[in-house]
Amino acid sequence: IELELDGIDLGDRRLNKRSKKVIAALAVDSRASINAACGTWAETEAAYRFFDNDSVTPERILKPHRDATVRRMREQPVVLIVQDTTEFDFTDHPPSDAKCLNRAERRGFYDHTHLAVTPQGLALGVVGEEQFDRETDSLGKANERATLPIEEKESLRWLNGFRLANETAAACPDTQIVSVADREADIYDIFVEAHQQSEHAGPRAEFLIRARVERCLTERDPNASGATYLKVRATVAASPLLGTRVVDLPRTPKRDARRAVMEVRAMSVLVKPPHARSHLPAVTMQVVLVKEVGGPGDGTDVEWLLLTSLPITTFEQ
């Protein structure tokens, strides 16, 4: 911790020293309360005073760690920046200013983290984070927000994550950076931004996102009437089989661990913008369909549709 926080600047030498002591104590057991981690009442009071200081912000605490993480990333040929959101649920003991999670009675906040890892799973560090919560009157209004600009939506955090990956790529010009995210990041604005980035020289991040939205090609469906367009999933599902892979699926609350045989298909597609974003251009991306064969047929059979800017000209890619 002492080395990782080297160079921390909270505007006061005593605060800098205290930060290393407090964070080192909390790092011993991240599940422990501040009281339990600090050991004595004097150290606990000092920790509370530290966190209550206006100069102590998440951004300032994270900066030296982020700088160290970027240095580690520069030593790697490929780094994945994985972004996802975690709930901090304080419903049982809410702070006085706690707002909502997904229901009015659930109190806490969300933390959206950008974690740098190697393809082999070695964690290099956190390169960014964003915290948010919700007002009670904003719940249950997703449909009303559908046509709003991305800048006015919670989903902006996924686009910001891709932008952060591009900024990090500029700081690590000899490392290939890939922004990885699950289904919530299937946002057309990200694909447009990636296309715009590809038109400029210099380091940039690639993306790999699991699909959620049923997207359309720009080509009309000849077997359907009216303004019906071919669907991305159906089109790639009808493409030639590239090969199979065996994947060990871990145990989850919904399934037992098992070894699964996956069929892999992939192709490049030109995707039509969604109706609510019709002013945006069509974009080319690569699509990979990974589908389990011979599964248990109990609703846990795996099917992943992956969207990416990475090349897919070979089965190995």
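Presented here is an overview of the structure given in this document. For clarity, every value in this text was computed on a predicted model and none was experimentally measured. (Residues numbered from 1 in each chain as written. Predicted model: local features only at pLDDT ≥ 70, side-chain atom pairs only at ≥ 80, totals over all residues. Heavy atoms only, no water.)

Focus on the overall build of the protein
Part 1: Within the protein one finds eight helices and 12 strands.
Part 2: Along the three orthogonal principal directions, the C-alpha set of the protein runs to about 75 × 45 × 45 Å.
Part 3: Looking at the protein residue by residue over its 317 residues, the buried ones come to 37%.
Part 4: Sequence-distant contacts, at least 24 apart, represent 60% of the contacts inside the protein between residues at least 6 apart.
Part 5: Averaged over its 42 positive side-chain charges, the protein has a centre that lies 1 Å from the centre of its 49 negative ones. (Helix = DSSP H or I, 4+ residues; strand = E, 2+ residues; numbered from the N terminus. Buried < 20%, exposed > 50% of the residue type's maximum accessible area, 1.4 Å probe, protein only. Contact = heavy atoms within 4.5 Å. Lys, Arg positive; Asp, Glu negative; His and termini not counted. Charge placed at Lys NZ, Arg CZ, Asp CG, Glu CD.)

Regarding empty space enclosed by the protein
Part 1: Tallied over the entire structure, the rule returns one cavity of 30 Å³ or more.
Part 2: A volume near 60 Å³ is recorded for the largest cavity.
Part 3: As for the largest cavity, its lining consists of Ala211, Val213, Glu214, Arg215, Val232, Arg233, Val271, Met285, Leu305 and Leu307.
Part 4: Among the elements of the structure, helix H8 (232-237) and strand E12 (303-308) are those that each provide at least two residues to the lining of the largest cavity.
Part 5: Tallied by class, residues from the lining of the largest cavity come to seven nonpolar, no polar and three charged. (1 Å grid on protein atoms, 1.4 Å probe; cavity = no way out; pocket = protein on both sides within 12 Å on 5 of 7 lines; lining within 4 Å. Points joined across faces, edges and corners; volume = space filled by probe spheres on them. Nonpolar A, V, L, I, M, F, W, Y, C, P; charged D, E, K, R; others polar.)

Re the layout of surface pockets
Part 1: By volume, the largest pocket amounts to about 1800 Å³.
Part 2: Those elements that place two or more of their residues in the lining of the largest pocket are helix H1 (13-28), helix H2 (34-38), helix H3 (41-51), helix H4 (58-73), strand E1 (78-89), strand E3 (107-117) and strand E4 (123-132).
Part 3: Residue composition of the lining of the largest pocket, by class: 19 nonpolar, nine polar and eight charged.
Part 4: Lining the second largest pocket are 32 residues, and of these Leu208, Val288, Val290, Trp304 and Leu306 sit closest to its centre.
Part 5: Looking at the lining of the second largest pocket element by element, the count peaks at five residues for E1.
Part 6: Considered class by class, the residues forming the lining of the second largest pocket number 22 nonpolar, five polar and five charged.

A word on the environment of Arg233
Part 1: The topology assignment puts Arg233 in helix H8.
Part 2: Here the alpha-carbon distance between Arg233 and Leu289, two residues 56 residues apart in the chain, equals 7.8 Å.
Part 3: Beyond its immediate stretch of four places on either side in the chain, Arg233 contacts Glu214, Leu289, Glu303 and Leu305.
Part 4: Engagement of the side chain of Arg233 in a polar contact is seen with the side chain of Glu303, the distance being 2.9 Å. (Polar contact = N/O pair within 3.5 Å; in protein donor to acceptor, adjacent residues only side chain to side chain.)

Notes on the pattern of salt bridges
Part 1: What the rule picks out here adds up to 22 salt bridges.
Part 2: As a salt-bridge pair, Asp89 and Arg106 come within 3.0 Å of each other at their nearest N and O atoms. Of this pair, Asp89 sits in strand E1 while Arg106 sits in the loop between strand E2 (99-100) and E3, and the two are 17 residues apart along the sequence.
Part 3: When its relative accessible area of 40% is taken as the criterion, Asp89 is described as partly exposed. (Salt bridge = Lys/Arg side-chain N within 4 Å of Asp/Glu carboxyl O.)

Some words on the packing of aromatic side chains
Part 1: This structure, assessed with the given rule, holds seven aromatic pairs.
Part 2: With a centroid separation of 6.3 Å and an interplanar angle of 90°, the aromatic rings of Tyr188 and Phe191 are classed as edge-to-face. Of the two residues, Tyr188 and Phe191 are both situated in helix H7 (residues 188-198); the distance of three residues between them amounts to about one turn of the helix.
Part 3: Its relative accessible area of 2% is what places Phe191 among the buried residues.
Part 4: Among the aromatic side chains, those forming a connected cluster through ring pairs are Phe162, Tyr188, Phe191 and Phe207.
Part 5: Geometry around Tyr229 places Lys272 over its ring, the cationic atom sitting 4.8 Å from the centre. (Phe/Tyr/Trp six-rings, centres within 6.5 Å; stacked < 30°, edge-to-face > 60°. Lys NZ or Arg CZ within 6 Å of the ring centre and 35° of its normal.)

Any functional reading would require information beyond the geometric quantities listed.
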